[in-house]
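# Breakdown of the fold
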Amino acid sequence: MKIRKAVIPAAGYGTRMLPLTKAQPKEMLPVVHKPVIQYVVEEAYYSGIREILIITGRHKRAIEDHFDRSDLPKKDKYTEELDRILDEVDIFFVRQREQKGLGDAVRYAEAFVDDEPFALLLGDNITIPNCTKELVECFVKLRSPVLSVEELPLEKLSLHGVIKGRMFKKGIYLVEDIVEKPKPREAPSNLCVLGRYILTPKIFDHLKAIDPGYGGEYQLTDAIRRMLSSSEVYAHLYTGKRYDIGNKLDWLKANVELALKDEEIGDDFRSWLEQFSMKTLKFKGDDGLQ
Ligand code: G1P
């Protein structure tokens, strides 16, 4: 069974990124050459997906503009790559009318999804290598909903959905329970949901049945939890790199790490960074650079 469709929720306020996100969507924050959401659309495209629904909301118009075909007379290679992708992919938009949580946002995708399994990629996360591609491969084998998880330290558990899983085979768990943002000591494990899912249309029945949960919002995690009694749900252990652009430290790390690997500016950036770190270590904080 092929996964042809992806849903990208990009409606959240981005309060942890204020004031950067006061007048621009967090999904449009730059990471080296491209805004975050472009990485996410490319991740979907390189996983074989050809129809994408982006769920936006108030103050998110820049996202729609970004996916117009560019009318610039001269284009750089990143814009050209995006235009090439846009020739093959249909991108649709829908607006979440009120901020009522991720679970509420995903409900807006029901008509788009129709009767097919679909990928769900949170619009403020970057994964390298392509986590959705790995998930699609898992789904083809397991034929049940599957979500990506990563092992995180205790202090980060309360920022995530956390699963209780039984090892099914290496790197795959059968999900037995899932809790949204538990207190660290109450978390069922250290396996955290990282914002990449393959779901079936059944999720919409569960999204309609849940009450507001953590933070008074409708939580996707609660709908997945409800689904566990009627369907097998698997978790795939992702061992690549995930950057959560919803927080400033990860955003800075994403820029530094991806700039170091960049074929255009990587070498120059590395030399500057080496020089910079040597000076800061020597002068204990006074970097001496302009
Ligand atoms: C959302 C989900 C959470 C998941 C996280 C990954 O939370 O609700 O289960 O672990 O994304 O980034 P948010 O970061 O939007 O608060």
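Quick notes on the rules
Position labels on residues start from 1 in each chain and follow its written sequence. Restriction of local features to residues with pLDDT of at least 70 applies here, the model being predicted, together with a cutoff of 80 or more for giving and counting side-chain atom pairs; totals for whole chains, interfaces and linings are based on all residues. Working from all heavy atoms in the structure, the side-chain values ignore hydrogens and water. Summary of the distance rule: residues count as near a molecule or strand when at least one heavy atom falls within 4 Å of that molecule or strand. Distance and chemistry together define a polar contact, namely a pair of N or O atoms within 3.5 Å, with one atom able to donate a hydrogen and the other to accept it when in protein, and with adjacent residues in sequence counting only for side-chain atoms on both sides. Residue burial considers only the protein chains on display, and all accessible areas are found by Shrake-Rupley using a 1.4 Å probe. Asp, Glu, Lys and Arg are counted as charged, while Ala, Val, Leu, Ile, Met, Phe, Trp, Tyr, Cys and Pro are counted as nonpolar; the rest, among them Gly, fall into the polar class. Runs of E in the DSSP output that reach at least two residues are strands. Runs of H or I that reach at least four are helices, and both are numbered from the N terminus. Fitting a line to C-alpha atoms yields each axis, with helices limited to the stretch in contact; the angle taken between N-to-C directions then spans 0 to 180 degrees. Angular relationships are summarised with four words: roughly parallel below 35 degrees, roughly antiparallel beyond 145, roughly perpendicular across 65 to 115, and oblique for the angles in between. A crossing counts as left-handed when the near helix is turned anticlockwise from the far one by less than a right angle, and as right-handed when that turn is clockwise. In this description, contact between two residues means that some pair of their heavy atoms is separated by no more than 4.5 Å. Nonpolar cores were defined as sets of buried Ala, Val, Leu, Ile, Met, Phe, Trp, Tyr and Cys residues, with membership established by side-chain atoms within 4.5 Å. Note on exposure labels: buried denotes an accessible area under 20% of the residue type's maximum, exposed denotes more than 50%, and partly exposed covers the range between, all computed with a 1.4 Å probe on protein chains only. UniProt positions are given in the numbering used here, feature names are shortened, and annotations may be inferred rather than shown by experiment. Multiplying 1.5 Å by the residue count of a helix minus one yields the expected span of that helix. Think of the arc as the fan of directions from the helix axis to the C-beta atoms.

## Quick look at the site of the ligand
- As a matter of local geometry, the ligand sits amid 13 residues, with Leu122, Gly161, Glu180, Lys181 and Val193 nearest to it.
- In the environment of the ligand, an oxygen atom lies 3.4 Å from a nitrogen or oxygen atom belonging to the side chain of threonine 221.
- A distance of 3.3 Å separates an oxygen atom of the ligand from a polar atom in the side chain of arginine 242.
- Within the complex, the protein chains bury 85% of what would otherwise be the 380 Å² of accessible surface of the ligand.
- Here the residues of the shell around the ligand are counted per class, giving 4 nonpolar, 5 polar and 4 charged.

## Some words on the side chain of arginine 242
- If you trace the backbone, arginine 242 turns up in strand β13 (residues 241-244).
- One polar contact links arginine 242 to glutamate 150, side chain to side chain, over a distance of 2.6 Å.
- Of the polar contacts made by the side chain of arginine 242, one reaches the side chain of histidine 160; its length is 2.8 Å.

## Thoughts on the packing of helix α1 (residues 36-45) against helix α3 (residues 77-88)
- One can describe the packing of α1 onto α3 by two numbers: an axis separation of 11 Å at closest approach and a directional angle of 45°. On the basis of the axis angle, α1 is oblique to α3. Here the hand of the crossing between α1 and α3 comes out left-handed. On the side of α1, the interface is formed by Gln38, Glu42 and Tyr45, while α3 contributes Tyr78, Glu81, Leu82, Arg84, Ile85 and Glu88.
- Along the lines of polarity and charge, the residues of the contact of α1 with α3 split into 4 nonpolar, 1 polar and 4 charged.

## What about the environment of lysine 164?
- Structurally, the position occupied by lysine 164 is in strand β9 (residues 161-169).
- Sequence spacing of lysine 164 and leucine 260 is 96 residues, and the spatial spacing of their C-alpha atoms is 36 Å.
- Not counting residues within four places of it along the chain, the set of residues in contact with lysine 164 comprises Leu174, Val175, Glu176, Asp177 and Pro188.

## Concerning the nonpolar core
- In this structure, Leu147, Ile163, Tyr197 and Ile203 are the most contacted members of the largest nonpolar core, which totals 34 residues.
- Once residues lying within four places of it in the same chain are set aside, the contact partners of isoleucine 163 are Leu147, Val149, Tyr173, Val175, Asp177, Ile178, Pro188, Ser189, Leu191, Val193 and Ala235.
- Ile3, Ala10, Met28 and Leu174 belong to the second-largest nonpolar core, a separate cluster that totals 32 residues.

## A short note on the UniProt feature "domain: Nucleotidyl transferase" (unreviewed entry) in the chain
- As annotated by UniProt and renumbered to match this structure, "domain: Nucleotidyl transferase" (unreviewed entry) occupies residues 5-258.
- With 30% helix and 28% strand, residues 5-258 has its two end C-alpha atoms placed 27 Å apart.

## Topic: helix α6 (residues 131-142)
- For α6, spanning 12 residues, the distance from its first C-alpha to its last is 16 Å, which sits close to the expected 16 Å at 1.5 Å a residue.
- Listing the buried residues of α6 in full gives Cys131, Thr132, Leu135, Val136, Cys138, Phe139 and Leu142. Each buried residue of α6 lies within a common arc of 160° when the element is viewed along its axis, so the set occupies one face.
- Capping the start of α6 is the job of one residue whose side-chain oxygen sits 3.0 Å from the backbone nitrogen of threonine 132: asparagine 130.
- Count one or two residues on from α6 and you reach arginine 143, which has phi positive near 60°.

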